[in-house]
Amino acid sequence: MTYHARDWLPYGVMYREPVRRGVEAAVSDWARRWFASGRIGVSNLLVCSTDVRGELEGGAWRVTRQGIALDIPRRSLQSLVEKGLATSESGEQPTETDRQLLTEFERRLIDDLSVTLAAQLSLPHETAASAWGRDPFGGKGGLVVRLSDGNGPDLAALAIPFEILLPFCRASLGPSDSPKGDLEGLLHALASIPVMIEATLGHFDLGLSELQELAVGDVLLMNRPLGDAFDLTIAGGQRVLGRAEMQSANGSLAFVLQA
Amino acid sequence: MKISTQTGDAPPELEKTRAGAAGRRILTPHSPILKDVRVELDAKLGLASLSVQELLALNVGTVVKLDARLNDLVELRLNNSAVARGEIVAIDDNFGIRIVEIGEIK
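What you are looking at is a predicted structure, and each value in this text was computed from that prediction instead of being measured.

(A) Geometry of the pattern of salt bridges. What the rule picks out here adds up to 17 salt bridges over all chains. Here Arg107(A) makes a salt bridge to Asp111(A), at a shortest N to O gap of 3.0 Å. Highlighted residues: Arg107(A) and Asp111(A), both in helix α3 (residues 96–120), separated by four residues, approximately one helical turn. The exposure class of Arg107(A) is partly exposed, given its relative accessible area of 32%. The residue Glu75(B) makes a salt bridge to Arg85(B) at a minimum N-O spacing of 3.4 Å. Of this pair, Glu75(B) sits in strand β3 (residues 74–78) while Arg85(B) sits in strand β4 (residues 81–91), placing them 10 residues apart in sequence. For Glu75(B), a relative accessible area of 22% corresponds to the partly exposed category. A residue is classified by how much of its surface remains accessible, and Arg85(B), at 32% relative accessible area, is partly exposed. When salt bridges with common partners are traced through the structure, they connect Asp29(A), Arg32(A), Arg33(A) and Asp112(A) into a single cluster.

(B) Quick peek at the packing of aromatic side chains. Residue and element names in this part refer to chain A. One pass over the full model with this rule turns up two aromatic pairs over all chains. The interplanar angle of 85° and the centroid separation of 5.5 Å between the aromatic rings of tryptophan 30 and phenylalanine 35 together place this pair among those described as edge-to-face. When sorted by exposure, tryptophan 30 lands in the same class as phenylalanine 35, which is buried. A centroid spacing of 5.7 Å and a plane angle of 75° characterise the contact between tryptophan 34 and phenylalanine 105, whose relative ring orientation is edge-to-face. Placement of tryptophan 34 in helix α1 (residues 19–34) and of phenylalanine 105 in helix α3 is noted, with a sequence separation of 71 residues between them. Phenylalanine 105 shares its class with tryptophan 34; the two are buried.

(C) Seen up close, the sheet that holds strand β2 (residues 61–63) of chain A. All names here are of chain A. Strand order in the open sheet formed by six strands is β1-β5-β6-β3-β2-β4, with antiparallel pairing between adjacent strands. Because the sheet does not close on itself, it has two edges, and the strands there are β1 (41–48) and β4 (131–133). Each strand axis lies, on average, 25° off the axis of its neighbour in the sheet, ignoring direction. Sheet topology places β2 next to β4; three bridges connect them, and they run antiparallel. For valine 63, the partnering residue across the bridge sits in β4 and is alanine 131.

(D) Structural detail: the side chain of Asp42(B). The residue Asp42(B) is located in strand β1 (residues 38–51) in this model. Among buried Asp, Glu, Lys and Arg side chains, Asp42(B) stands out as unpaired, with Lys44(B) the closest opposite charge at 4.5 Å. Among the polar contacts made by the side chain of Asp42(B), one reaches the side chain of His203(A) at a distance of 2.4 Å. Apart from the residues within four sequence positions on either side, Asp42(B) is in contact with Thr200(A), Gly202(A), His203(A), Glu75(B), Leu76(B) and Arg77(B).

(E) View of the pairing of strand β9 (residues 230–234) of chain A. Residues and elements named next belong to chain A. Of all five residues that make up β9, five are buried, and the element is covered over most of its length. For strand β7 (residues 194–207) and β9, the ladder comprises three bridges, and the chain directions are antiparallel. The residue bridging alanine 199 from the neighbouring strand is leucine 232, located in β9. The pairing of β9 with strand β10 (residues 239–249) spans five bridges and is antiparallel. Of the residues in β10, the one forming a bridge with threonine 233 is valine 240. Here β9 folds back onto β10, and the loop between the two strands holds four residues, one of which, alanine 235, carries a positive phi near 55°.

Cut-offs used in this document
Residues numbered from 1 in each chain as written. Chains lettered and ligands numbered in written order. Predicted model: local features only at pLDDT ≥ 70, side-chain atom pairs only at ≥ 80, totals over all residues. Heavy atoms only, no water. Salt bridge = Lys/Arg side-chain N within 4 Å of Asp/Glu carboxyl O. Helix = DSSP H or I, 4+ residues; strand = E, 2+ residues; numbered from the N terminus. Buried < 20%, exposed > 50% of the residue type's maximum accessible area, 1.4 Å probe, protein only. Phe/Tyr/Trp six-rings, centres within 6.5 Å; stacked < 30°, edge-to-face > 60°. Pairing = 2+ DSSP bridges. Axes fitted to C-alpha atoms, helices over the stretch in contact; angles between N-to-C directions. Lys, Arg positive; Asp, Glu negative; His and termini not counted. Polar contact = N/O pair within 3.5 Å; in protein donor to acceptor, adjacent residues only side chain to side chain. Contact = heavy atoms within 4.5 Å.

So, to be careful, I would describe these as geometric facts and stop short of saying anything about function.
As structure tokens, then:
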């Protein structure tokens, strides 16, 4: 099996620019639009090679239609609401309406971050219906981005599966698509390598009995008119380089390349 | 394909045949059936050794010397082994090779 250079990238590539820069720019843009203070940013980037259940603090990841997931613990959501709505904690128990508003706020918050990230990193806009799940990576790993306002524990965690992020990584960090079979870059090393060119006048097709009876003086007739060009081959006769005509050159046999 | 008569050196499908026929060969070099096998002889004029750089610089009209002299014999090769040598002759309007030496098939 042949593995092409663009089929894989090391996980470490997720830590590098422009992945980090892209994620930070998207989070910054999202935070500025949603929160008056705008201080929410990326506190940590973590590459998970398998599943992401260990990073989950809330009940479940909310997986958006872009395949990106966000986990906002309840305590953080309240904090985010306060930042977003510029309200202060009243100490009152939330009503059903409050809970519905909170859920809707959370949904819009997550969806908007997902859309912002997708636009920033040129990710697919929609991969599936949004849902809740325990492992948005499906056991295949991905990038976990922890969000913080710089005060206390992280507010939320963002999960971007590798399969969604890899096209962006390949495009921005992966090897270029060099055309296969192009030896241009190796010419300096290949230049002095000798290549044997064989000049073959022609072929005779005969049976083993005829070969067995072949004797000195016999003439084998070739189905090739006089003056017809002959084949030049390389790689032990496996590849035809071109056609040529015979010529003499200072007593030696030579060939002249034909078109 | 090389078929050996040594025990355990033949493909499994040949082992059954061998057991039934007590090691008797099916074919010999003189078997008539071999006489109809077709082979191809290549008439080699000679060789030229060029570097990759020289190869890439070849143009139409380029003259390249071979390692053979004008009056050298042409080699007839069977499966890349020389089996005979001859001289180029013209028969009517076609090329032909007149056999001058016959060698062993290696």
